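As a plain string of letters, each chain reads:
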Amino acid sequence: MYKIFDTQDEVSRYTAERLAARIEAKPDAVLGLATGGTMEPVYARLVERLQQGPVDASRLTTFNLDEYVGLAPTHTQSYRHFMGQHLFDRLGLPGEKVHLPDGMAEDRDAACRAYSESIRALGGLDLQLLGIGTNGHIGFNEPHTRFSRRTHVTPLSAQTRRDNGRFFRDPSEVPTHAMTLGIRDILEAREIVLVATGAKKARIMAELYHSDPDEALPASALKQHPNVTIVLDREAAALLPG
Ligand code: PGA
């Protein structure tokens with residue numbers, strides 16, 4: 001299902017409302033969360049929304065999609081830091097209830113296995129929030145990642161490192177690898193909300209619209225899932241058929 005709004009602000013408000021509704025319906029929900037520029041206004045609206053109403057977020061459990069390999073949680077560009085700044089600290093979520101892949105783990109294979117297993121042990125994700133890369137990645141599942149993979153370490157594509165260079169002092173500082181939830185884990189979520197805003201996402205959203213499930217376009221895996229909402233602003237939807 002597509003939901004298309006005029007502005008990024010409307011997209012962010014709608015997405016925040018979807019998350020808030022899930023939390024209200026199930027205060028101990030297990031949420032899959034995403035980072036990236038698209039999510040900053042989503043989390044800002046969610047914090048506002050949860051602070052307005054009598055919503056108790058303290059029983060939530062969260063699992064983020066991905067983390068850079070080799071960046072400590074205190075590094076300002078780590079996704080742990082992003083989540084603290086934009087959501088966790090602002091909602092006062094208890095540290096033991098929020099999870100990100102451990103990009104500093106010595107035994108990365110064991111850390112990957114444990115990450116997927118801890119989601120399953122809690123009964124799976126109630127809702128997975130996703131952004132999308134200009135190359136069609138979801139999480140850091142880059143093009144040609146097998147749809148059957150669970151959490152794993154992946155090299156980042158040149159395109160992704162270029163796109164994310166804007167967050168670093170110098171683009172060469174973007175880590176070469178990340179740990180990401182796999183597409184198999186993502187598809188096990190009961191509900192998925194993918195958000196894309198801005199003209200730079202228009203081309204990939206049109207490709208996704210026309211694509212069958214194809215490992216060359218990771219987000220096309222979502223076509224195998226029964227409950228996906230794709231939330232776009234006019235700019236990101238510009239190349240979809242009228
Ligand atoms: P962005 O990243 O929100 O910064 O565009 C999205 C993504 O790469 O998944």
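All residue numbers refer to positions counted from 1 along the written sequence of the respective chain. Per-residue local features are limited, in this predicted model, to residues with pLDDT of at least 70; the limit for side-chain atom pairs, both in listing and counting, is 80 or more; totals at the level of whole chains, interfaces and linings are taken over all residues. Excluded from the side-chain calculation are hydrogens and water; included are all heavy atoms of the structure.

Participant: Looking at this model, I keep getting lost on the side chain of Thr229. Mind explaining?
Facilitator: Think of it this way: any DSSP run of H or I at least four residues long counts as a helix, any run of E at least two long counts as a strand, and we number them from the N terminus. Looking at the secondary structure, you find Thr229 in strand 10 (residues 228–233). Filtering out sequence-adjacent residues up to four positions away, Thr229 remains in contact with Met1, Lys3, Tyr14, Arg18, Ile192, Val193 and Leu194. We call two residues contacting when some pair of their heavy atoms lies within 4.5 Å.

Participant: Help me understand the environment of Glu96, please; the structure alone is not making it clear to me.
Facilitator: Residue placement: Glu96 occurs in the loop between helix 3 (79–91) and strand 5 (98–99). Note on classification: 1.4 Å probe, protein chains only; a residue is buried when its accessible area is under 20% of the maximum for its type, exposed when over 50%, partly exposed between these limits. Judged by relative accessible area, which is 64%, Glu96 ranks as exposed.

Participant: Honestly, the site of the ligand in this entry has me stumped. Any pointers?
Facilitator: Every residue near the ligand is listed here: Gly36, Gly37, Thr38, Gly131, Ile132, Gly133, His137, Arg166 and Lys201. Polar contact is the term for a pair of N or O atoms within 3.5 Å; when the atoms are in protein, one must be able to donate a hydrogen and the other to accept it, and sequence-neighboring residues count only if both atoms are side-chain atoms. Gly37 is positioned such that a nitrogen or oxygen atom in its backbone is 2.8 Å from an oxygen atom of the ligand. Within the contact set of the ligand, an oxygen atom lies 3.0 Å away from a side-chain nitrogen or oxygen of Arg166. In these tables, accessible area is a Shrake-Rupley quantity obtained with a 1.4 Å probe, and a residue counts as shielded only by the protein chains included in the view. Here the ligand, which alone exposes 280 Å², has 88% of that area covered by the protein. Think of it this way: one heavy atom of a residue within 4 Å of a molecule or strand is enough to make that residue near it.

Participant: What am I meant to see in the sheet that holds strand 8 (residues 177–180) here?
Facilitator: Sheet strands line up and pair through hydrogen bonds in the backbone, either parallel or antiparallel. In this scheme, strands are said to pair when DSSP sees at least two bridges between them. Strands sit in the order 4-8-7 across an open sheet of three strands; the sheet is antiparallel. Looking at the sheet topology across the chains shown, the edges are occupied by strand 4 (66–68) and strand 7 (152–155). With strand direction ignored, the average angle separating the axes of adjacent strands in the sheet is 25°. Note: strand 4 against strand 8, three bridges, orientation antiparallel. Each residue of the ladder has a partner; that of Glu67, found in strand 8, is Met179. Axis angles are defined between N-to-C directions and span 0 to 180 degrees, where every axis is a line fitted to C-alpha atoms and, for a helix, only to the segment in contact.

Participant: I would appreciate a short explanation of the nonpolar core in the present structure.
Facilitator: A general trend in soluble globular proteins is that nonpolar side chains are found buried together. We call a set of buried Ala, Val, Leu, Ile, Met, Phe, Trp, Tyr and Cys residues a nonpolar core when their side-chain atoms join them within 4.5 Å. By size, the foremost hydrophobic cluster in this structure holds 71 residues, and its most contacted members are Tyr43, Leu87, Leu129 and Met205. Excluding anything up to four places from it in sequence, Met205 contacts Ile132, Leu194, Ala196, Ile230, Leu232, Ala236 and Leu240. Core analysis: the next-biggest nonpolar cluster, separate from the first, contains five residues, Ala105, Ala111, Cys112 and Met179 among them.

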